[in-house]
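Tertiary structure, described
Listed below are the residues making up each chain.
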Amino acid sequence: MTTIAERAAAAAGRTEPAAAPAEDAPSTEDFVAAPDPMADYEPGDDDPEMVPVGVAWLRVRRDIRAIGKGELYNQSGTRFNFRGVDTVVNVFGPVTLKHGINVMSTKVEASYGEKATKSGGKMRECSVLVTWTIMGPLGDTLTLQTMGEALDTADKATTKAQSVALRTLLLGFGLTPTHDKDPDADRIERGNDAPARSAESYRDEILDKKTSPGRLQQISYELTNLRMLGTKVSNETGEQETLDSLGRRIYGERTGGGQ
């Protein structure tokens, strides 16, 4: 390869002496490229199948199925079951190895604050937004983000918050059920607070002079819901009359509006 000076000299019809190589310049004659450690690699019997990351993660989900809420929180009057990060990692760890999945946090954005305790002490609050890279056996990746929050009286708020973010990633991205009973599985029929009233009891209340016009309107609403407006009863003269007609008539008499 010629230099700019050599090309300019050739154009002018003269010869430019070649520049002497620098003493510390590396020699290209002795350079030998490092061998590729994966060039002759052949997958072994225990190695994961070389599939895209999406397929590998689907196989992780299929193997895990579910993680129950086997841990109990019982402090300060609060009691509930939960799935801790250690339990989740213990389940996911071996299965991700089996299918060649690597889970790596590639960026952590943290913010901090302080909360006062009931005793007057202070707790450090940490919120993190973690960017995760999920790498499959072929080296292709997925990028996801989860958040985590934690409080701690010492120096572990950041670590706890990142642990929460990891648990959220594995359970959320893995759509990992608990196999607990669905709270909507039980259908409870709402019963009446009192047995249904008879048509005669409504008749007697309608005819009672102490029953106000407002109550008569409410009775009409109740009879509508109970589908009893067309039920016939013996009125004050002994004749058969529907509760609807009886109620309207008595209401008109007591409000001066006629029937």
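Overview of the structure. This structure is a prediction, so every number in the text was calculated from the model and none was measured.

About the cut-offs
Numbering of residues starts from 1 in every chain and runs along the sequence as written. The model is predicted, so local features are restricted to residues of pLDDT at least 70 and side-chain atom pairs to those at 80 or more, both for listing and for counting; the totals for chains, interfaces and linings are taken over all residues. Based on all heavy atoms of the structure, the side-chain values leave hydrogens and waters out of the count. Strand pairing is defined by DSSP finding a minimum of two bridges between the two strands. Only DSSP runs of H or I with at least four residues qualify as helices, and only runs of E with at least two residues qualify as strands; both kinds are numbered from the N terminus onward. Here, nonpolar core refers to any group of buried Ala, Val, Leu, Ile, Met, Phe, Trp, Tyr and Cys residues whose side-chain atoms link them within 4.5 Å. For the exposure calls, accessible area comes from a 1.4 Å probe over protein chains only, and a residue counts as buried if that area is under 20% of its type's maximum, exposed if over 50%, partly exposed in between. The contact definition used throughout considers only heavy atoms, calling two residues in contact when any of these lie within 4.5 Å. Here, a salt bridge means any side-chain nitrogen of Lys or Arg that lies within 4 Å of a carboxyl oxygen of Asp or Glu. Residue count minus one, scaled by 1.5 Å, sets the expected span of a helix. Note: the arc covers the axis-to-C-beta directions of the helix. Fitting a line to C-alpha atoms yields each axis, with helices limited to the stretch in contact; the angle taken between N-to-C directions then spans 0 to 180 degrees. Roughly parallel means an angle under 35 degrees; roughly antiparallel, over 145; roughly perpendicular, 65 to 115; everything else is oblique. Each helix crossing is assigned a hand: it is left-handed if the near helix lies turned anticlockwise from the far helix by less than a right angle, otherwise right-handed if that turn is clockwise. Here is the rule: rings of Phe, Tyr and Trp (six-membered ring for Trp) pair when centre to centre is within 6.5 Å. Planes less than 30 degrees apart are stacked, more than 60 are edge-to-face, and the remainder are tilted. Should the NZ of a Lys or the CZ of an Arg lie within 6 Å of a ring centre and within 35 degrees of the ring normal, that charge is described as sitting over the ring.

Here we take up the pairing of strand 5 (residues 141–152). Pairing geometry for strand 4 (residues 122–135) and strand 5, over 12 bridges, is antiparallel. Residue Trp132 lies in a different strand from strand 5, and its bridge partner there is Leu144.

We now examine the nonpolar core. Ranked by internal contacts, the top residues of the largest apolar core, which has 23 residues, are Phe92 and Ile101. Of all elements in the fold, only helix 2 (53–64), helix 3 (85–98), strand 4 and helix 4 (157–173) reach the threshold of two or more residues within this core. Considering every element that reaches this core, the biggest residue donor is helix 4, with six residues. Other than its neighbours up to four places away in sequence, Ile101 contacts Val53, Ala56, Trp57, Val60, Thr96, Ile134, Met135 and Gly136. Counting residues in each nonpolar core, the second largest holds 11 residues, with Leu216, Met228, Val233 and Leu243 among its members.

Before going further, it helps to spend a moment on the pattern of salt bridges. Under the counting rule described, the total for this entry stands at 14 salt bridges. A salt bridge links Glu49 to Arg59; its shortest N-O distance comes to 2.9 Å. With a gap of 10 residues between them, Glu49 in the loop between helix 1 (4–12) and helix 2 and Arg59 in helix 2 connect regions that are remote in the sequence. Between Glu222 and Arg215 there is a salt bridge; the shortest N-O distance is 3.0 Å. Here the salt bridges share partners, and the residues they tie into one network are Arg197, Glu205, Arg215 and Glu222.

Further remarks concern helix 2. The end-to-end C-alpha separation of helix 2 is 17 Å, in line with the 16 Å expected for 12 residues at 1.5 Å each. Those residues of helix 2 that fall on the buried side of the exposure criterion are Val53, Ala56, Trp57, Val60 and Ile64. For helix 2, the angular spread of the buried residues around the axis is 95°, confining them to a single face. Buried residues belonging to helix 2 abut helix 3, strand 4, strand 5 and helix 4. Arg65 sits one or two positions beyond helix 2 and adopts a positive phi of about 65°.

Time to look at the environment of Tyr251. Within the secondary structure, Tyr251 is located in helix 7 (residues 243–255). Between the C-alpha atoms of Tyr251 and Pro213, which are 38 residues apart in sequence, the distance is 5.8 Å. Once residues within four sequence positions are removed from consideration, Tyr251 is found in contact with Pro213, Leu216 and Gln217.

Turning our attention to the packing of helix 3 against helix 4. The contact between helix 3 and helix 4 brings their axes to 9 Å, and the two run at 45°. The orientation of helix 3 with respect to helix 4, classified from their angle, is oblique. The handedness of the crossing between helix 3 and helix 4 is left-handed. Contacts from Val85, Val88, Val89 and Phe92 in helix 3 reach Ser163, Leu166, Arg167, Leu170 and Leu171 in helix 4.

What follows deals with the packing of aromatic side chains. For the coordinates displayed, the defined rule picks out two aromatic pairs. On the numbers, 6.0 Å between centres and 20° between planes, the contact of Trp57 with Phe92 is stacked. Taken as a pair, Trp57 in helix 2 and Phe92 in helix 3 lie far apart in primary sequence, 35 residues in all. Judged on exposure class, the residue Trp57 and its partner Phe92 are both buried. Counting every residue linked through ring pairs, the aromatic cluster contains Trp57, Phe92 and Phe173. A cation over an aromatic ring shows up here: Arg124 above the ring of Tyr112, its NZ or CZ 4.0 Å from the ring centre. Seen from the ring of Tyr202, Arg197 lies directly overhead, with NZ or CZ sitting 4.1 Å from the centre.

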